[in-house]
Amino acid sequence: MVSHDLIADILSRLPVKHLLCLRTVSKLWRSLIDDPDFINLHLSRSLRTRTNHTLILKNTDLHATDLSSLAPFAKLEHPLMSYNHGVEILGSCNGLLCIRNIVEDMAIWNPSTRKYQVLPYLGSCRGYVCGFGHDPIKDDYKVVKIIQLDRVDAAKPLETEVKVCSLKRNRWRKIQGILSSFPRANGVFAGGALHWVFTQKIDLLVKNLIFALDLAAESFNEVPQPEYKDDIFQLNIGVLGGCLCVVANHRDARVDLWVMKEYGVKESWTVLFSLAREDVHKSDDVWAPGMPPSYETEICLQSLVSLNVDKRQQNGDDNGDVKKIQVKKKGKRMLHWSSGTEVLATSPSFSYCLRR
């Protein structure tokens with residue numbers, strides 16, 4: 001008789017779409033595939049082998065294909081349909097997407113399983129950026145909003161407000177912010193933290209600062225940066241191979257890509273490549289069946305990560321941290337894995353639209 005662990009090991013190597021079909025084989029297989037231990041096993045294998053990824057093209061609509069096969073693109077029907085159907089992806093983590101539509105509805109959505117959780121409506125505001133990632137301590141997914149407040153006195157520094165909504169609580173909470181400037185893009189998740197680039201004017205120079213919000217502690221810290229050769233350049237951040245990376249665009253001279261191989265360690269910053277401007281070659285007329293005429297891209301892991309939420313936590317008052325009771329199954333360990341989306345944020349100076 002084939003052991004339970006062997007069956008789980010074999011099934012963990014399959015894509016999510018096959019596993020969803022195999023849930024109908026028997027109650028035993030359904031129970032196995034829905035088990036949190038198996039979901040974490042499948043997730044950890046996908047992260048380790050860098051397999052089971054979806055390429056999403058972002059236009060007014062979303063179109064997707066399996067990254068390994070690059071089959072014809074199909075339209076993704078998202079759960080936040082509004083009068084114009086447009087949707088924006090604010091972040092991606094472990095197979096979950098944080099999305100927002102034109103009327104400011106927000107949701108956490110697993111496009112592989114089609115499960116989703118709508119977040120409480122926070123209302124519109126003058127301007128804000130978001131971030132989405134995983135808290136490995138509480139095994140929770142959190143959405144962060146950095147909101148730009150209206151400036152009453154132009155002579156005073158810009159004020160911001162930081163709010164967090166977790167999947168388990170499903171409530172927005174205000175947390176302590178330390179920042180007086182406003183980031184220009186949504187946050188990047190790596191090393192259990194969300195990262196934004198802030199600018200600070202020092203005399204005639206503009207200094208780029210990278211701040212990280214630790215999702216477990218919910219506190220901000222400045223991230224040490226590489227020892228750049230030049231002082232003035234455009235800085236963008238991303239994630240590559242699970243590591244935080246920065247793209248330093250030195251105007252018309254070159255673009256340097258740095259990777260932090262050991263998170264939080266300044267000495268671990270390494271130049272992956274330095275590309276001179278004249279070495280950049282653009283290509284066009286890239287097209288596959290089902291592609292929109294122009295788009296941006298997102299890489300999303302295919303996973304079985306659940307969106308089950310305790311309804312009592314959703315409806316209860318937010319009076320501090322929710323105590324979590326961990327129940328260990330006999331003979332098993334609960335493993336929690338976390339990784340950012342493996343997307344390289346390229347310099348805006350080199351961005352362009354691909355057209356038919």
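The rules behind the values
Residues numbered from 1 in each chain as written. Predicted model: local features only at pLDDT ≥ 70, side-chain atom pairs only at ≥ 80, totals over all residues. Heavy atoms only, no water. Buried < 20%, exposed > 50% of the residue type's maximum accessible area, 1.4 Å probe, protein only. Helix = DSSP H or I, 4+ residues; strand = E, 2+ residues; numbered from the N terminus. Arc of directions from axis to C-beta. Pairing = 2+ DSSP bridges. Axes fitted to C-alpha atoms, helices over the stretch in contact; angles between N-to-C directions. Parallel < 35°, antiparallel > 145°, perpendicular 65-115°, else oblique. Contact = heavy atoms within 4.5 Å. Nonpolar A, V, L, I, M, F, W, Y, C, P; charged D, E, K, R; others polar. 1 Å grid on protein atoms, 1.4 Å probe; cavity = no way out; pocket = protein on both sides within 12 Å on 5 of 7 lines; lining within 4 Å. Points joined across faces, edges and corners; volume = space filled by probe spheres on them. Salt bridge = Lys/Arg side-chain N within 4 Å of Asp/Glu carboxyl O. Polar contact = N/O pair within 3.5 Å; in protein donor to acceptor, adjacent residues only side chain to side chain. Core = buried A, V, L, I, M, F, W, Y, C linked by side-chain atoms within 4.5 Å.

In the annotation of an unreviewed UniProt entry, the protein is listed under the name F-box domain-containing protein and assigned to Hibiscus sabdariffa.

**Q** Whenever I open this one, helix α1 (residues 4–11) confuses me. Can you help?
**A** Residues I7, A8 and L11 constitute the buried set of α1. When α1 is viewed along its axis, its buried side chains cluster within an angular range of 100 degrees and face the same direction.

**Q** Just to check I follow, could you spell out the sheet that holds strand β3 (residues 74–76) for this structure?
**A** Consider a sheet: its strands pair through backbone hydrogen bonds, and that pairing is either parallel or antiparallel. If you walk across this open sheet you meet the four strands as β3-β2-β1-β20, and the pairing is antiparallel. Looking along the sheet, the strands with just one partner apiece sit at the ends: β3 and β20 (296–301). With direction set aside, neighbouring strand axes in the sheet form an average angle of 35 degrees.

**Q** Mind showing me how you'd approach the packing of helix α3 (residues 27–34) against helix α4 (residues 36–49) here?
**A** Across the interface, α3 lies against α4 with an axial gap of 5 Å and an inter-helix angle of 60 degrees. Here α3 is positioned oblique relative to α4, judged by the angle of their axes. Here L32, I33 and D34 of α3 lie close against α4, whose contacting residues are P36, F38 and I39. A per-class count over the contact of α3 with α4 returns five nonpolar, no polar and one charged.

**Q** Can you walk me through empty space enclosed by the protein in this structure?
**A** Counting across every chain of the model gives two cavities of 30 Å³ or more. Here the second largest cavity is characterised by a volume of approximately 30 Å³. In terms of lining, the second largest cavity is formed by E104, D105, M106, L119, P120, Y121, L122, K145 and W172. The class makeup of the residues in the lining of the second largest cavity is six nonpolar, no polar and three charged.

**Q** Just checking my understanding: could you explain the pattern of salt bridges for this structure?
**A** Note on pairing: side chains with opposite charge can pair once their charged atoms come close. Inspection of every chain in the model, using the stated rule, returns 13 salt bridges. The network of salt bridges with shared partners includes D135, K142, R173 and E218.

**Q** What should I look at first to understand the side chain of E218 in this one?
**A** In this fold, E218 is placed in the loop between β14 (205–214) and β15 (219–222). Side-chain polar atoms of E218 contact the side chain of R173, separated by 2.6 Å. E218 has contacts with K142, V164, R173, I175 and L213, leaving out every residue within four places of it along the chain.

**Q** Just to check I follow, could you spell out unusual backbone geometry for this structure?
**A** Across residues other than glycine, the phi torsion is negative in most instances, and most of the peptide bonds are trans. Notably, R50 is not glycine yet its phi reads approximately 55 degrees, a positive angle. Of note in this structure, N94 is not a glycine but carries a positive phi near 55 degrees. Relative to the helices and strands, N94 resides in the loop between β4 (87–93) and β5 (96–101). Its relative accessible area of 3% is what places N94 among the buried residues.

**Q** Sorry, what's going on with the sheet that holds strand β10 (residues 160–166) here?
**A** The four strands lie next to each other as β8-β9-β10-β11, forming an open sheet whose pairing is antiparallel. Only two strands of the sheet have a single neighbouring strand rather than two, namely β8 (127–135) and β11 (172–175). The sheet shows a mean angle of 25 degrees between the axes of neighbouring strands, direction not considered. In this structure, β10 lies alongside β11, joined through four bridges in antiparallel fashion. Within the sheet, the bridge partner assigned to V162 lies in β11 and is I175.

**Q** Could you clarify how one ought to interpret the nonpolar core in this entry?
**A** In summary, soluble globular proteins display a tendency toward joint burial of nonpolar side chains. Formed by 46 residues in total, the largest nonpolar core has its most connected members in F38, M106, I108, F132, V143, V144 and W196. For M106, the residues in contact, after removing those within four places along its chain, are L80, L90, C98, I99, R100, Q117, V118, L119, C130, V143, K145 and W172.

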